[in-house]
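Observations on chain architecture
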Amino acid sequence: MEDVELAKLEDLPTEYVKDLTAHNLVPLWPSLRGVLPQTRPRPLTQATAWAYGDIRPLLIKAGELTPIEKAERRVLVLANPGHGLQKMQASAAIYLGMQLLLPGELAPPHRHTPNAVRMIVEGEGAYTTVQGEKCPMSRGDLILTPTGLWHEHGHDGDQPVIWLDVLDLPMVYYMEASYHVNGTHQEPQPGHSEAQYSGAGVIPTPFFTRADKAYPVLRFAWSDVKEALNHLANDAANVECVQVTYINALNGQDVENILGYYALMLRPGQTLRLPARSPACVFHVIEGGFELKTDDKVFTLNEADTACVPGYGAVVLKNLNATQPCYVFMTDESPLHRKLGVYENWG
Ligand code: 1HN
């Protein structure tokens, strides 16, 4: 259908518009095209890249300027200019931040409604205690702090530790459902969920009953995930997209409700075209480097760099190294889009 021009607000008599306003009424037709664009959405999200080399010195400086007691969480937010920096969003549903914890510091315990994950970027010796489970942090590890679970961060090492926080905060905030509760320090309990639930394909079943746990595994070690990718690449030479999804070991679904988390291997020299899908997507380089091409931009991403791309456009990734694989951590809005019934794959 031809896209006819609709009447504008200025076409209406000023007195009439004033009357509408006084009664909390608004005419739809001047805004109809804005809320329902022709043929495809017009995302505010812009393809944006953040170089770790730019972030790191500014984050270390934040460590000198602001004590942890004042900051609570010492984070620089990776904000998408398309949404306005003050909105603190990478996309419609994704929040990204780089967090610094210095040796001996404690980030106090709390829980909140937004779901979070941490992708560890640099340093050793820090940990997050999630609901009483102490999760050590090493480069490339993924640690979950799902909605409502208590968590606090500590650091027993001697060098700065930096990680990437990914939250569904923009979505939960938009829903007017975002809040936090402060807690008290929890002594970690012995044991690690990842050892009980992953690896051998068995799960705990005391008295034949499957423990009803919403979040059975809280930490995904990079060494395990990397090994899975390497096996996949070696065993299935014909598989073009060497990708794994972080899943809930009890139900096979995504580990969290709103955002999806994945790891991808680009084979040496590989060029991989990702289909145009409705969810926005984030890329973070764990090892290696690649070129990221969207409809209108090209970025070179090296180790620890991060980028965000809007939905509805194809993306082409090219491993810049002809002899080494490149490993990428990805986040997207797929679980949310599928649950809302708006997920689309345009190929
Ligand atoms: C939060 O709780 C953490 O626990 C990090 O480390 C970043 C950003 C917004 C809201 C809560 C954390 C956060 C956050």
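Coordinates for the structure precede this section.
Heads up: these notes are all about the structure in this document. (Residues numbered from 1 in each chain as written. Predicted model: local features only at pLDDT ≥ 70, side-chain atom pairs only at ≥ 80, totals over all residues. Heavy atoms only, no water.)

Examining the sheet that holds strand E15 (residues 271-274)
Consider a sheet: its strands pair through backbone hydrogen bonds, and that pairing is either parallel or antiparallel. Reading across the sheet, the four strands line up as E15-E20-E17-E18 and stay open at both edges, with antiparallel pairing between neighbours. Two strands close off the open sheet at either side, each with one partner strand: E15 and strand E18 (298-301). Averaged over all pairs of adjacent strands, the angle between strand axes in this sheet comes to 20°, irrespective of strand direction. By the bridge criterion, four bridges tie strand E17 (residues 290-293) to E18 in an arrangement that is antiparallel. Residue pairing for E18: Lys 293 is matched across the bridge by Val 298. (Pairing = 2+ DSSP bridges. Helix = DSSP H or I, 4+ residues; strand = E, 2+ residues; numbered from the N terminus. Axes fitted to C-alpha atoms, helices over the stretch in contact; angles between N-to-C directions.)

Concerning the side chain of His 83
Its location among the elements puts His 83 in the loop between strand E2 (75-77) and strand E3 (95-101). Looking at His 83, the relative accessible area reads 14%, which means it is buried. Separated by 2.8 Å, the side chains of His 83 and Thr 45 make a polar contact. (Buried < 20%, exposed > 50% of the residue type's maximum accessible area, 1.4 Å probe, protein only. Polar contact = N/O pair within 3.5 Å; in protein donor to acceptor, adjacent residues only side chain to side chain.)

Examining the sheet that holds strand E4 (residues 106-112)
Ordered by their spatial adjacency, five strands build an open sheet running E7-E6-E9-E4-E11, and the pairing between neighbours is antiparallel. In this open sheet, the two strands that pair with only one neighbour each are strand E7 (133-136) and strand E11 (180-182). Taking the axes of each pair of neighbouring strands and ignoring which way they run, one obtains an average angle of 30° across the sheet. Pairing of E4 with E11 involves three bridges; the strand directions are antiparallel. Looking across to E11, one finds that His 110 is bridged to Asn 182.

Things to note about the packing of aromatic side chains
In total, this model carries six aromatic pairs according to the counting rule given. On the basis of an interplanar angle of 80° and a centroid distance of 5.6 Å, the ring pair of Trp 222 and Tyr 327 is categorised as edge-to-face. Of the two residues, Trp 222 is situated in helix H7 (residues 222-235) and Tyr 327 in strand E21 (residues 326-332); the sequence distance between them amounts to 105 residues. Here Trp 222 and Tyr 327 have matching classes, each one buried. Directly above the ring of Tyr 127 sits Lys 134, whose terminal nitrogen or CZ lies 4.2 Å from the centroid. A cation sits over an aromatic face here: Arg 338 above Tyr 343, 3.9 Å from the ring centre. (Phe/Tyr/Trp six-rings, centres within 6.5 Å; stacked < 30°, edge-to-face > 60°. Lys NZ or Arg CZ within 6 Å of the ring centre and 35° of its normal.)

Focus on the state of the cysteines
Scanning the model with the defined rule gives zero disulfides in all. Cysteine Cys 241 is unpaired, with the sulfur of Cys 281 as its nearest cysteine sulfur at 11 Å. With relative accessibility at 29%, the residue Cys 241 sits in the partly exposed group. Considering cysteine sulfurs only, Cys 308 is the nearest to Cys 281, which forms no disulfide, with 8.1 Å between them. (Disulfide = S-S within 2.5 Å.)

Some details on the environment of Val 17
Here Val 17 shows up in helix H1 (residues 14-22). Judged by its relative accessible area of 22%, Val 17 is partly exposed. Along the backbone, Val 17 and Pro 27 are 10 residues apart, and their C-alpha atoms lie at a distance of 8.7 Å. For Val 17, the residues in contact, after removing those within four places along its chain, are Leu 9 and Leu 12. (Contact = heavy atoms within 4.5 Å.)

A short note on the site of the ligand
Inspection of the region around the ligand gives Arg 73, Tyr 95, Gln 99, His 110, His 112, Arg 118, His 151, His 153, Asp 165, Leu 167 and Leu 169 as its neighbouring residues. In the environment of the ligand, an oxygen atom lies 3.0 Å from a nitrogen or oxygen atom belonging to the side chain of Gln 99. Residue His 153 places a side-chain N or O atom 2.6 Å away from an oxygen atom belonging to the ligand. Residue composition of the shell around the ligand, grouped by class: three nonpolar, five polar and three charged. (Near = heavy atom within 4 Å. Nonpolar A, V, L, I, M, F, W, Y, C, P; charged D, E, K, R; others polar.)

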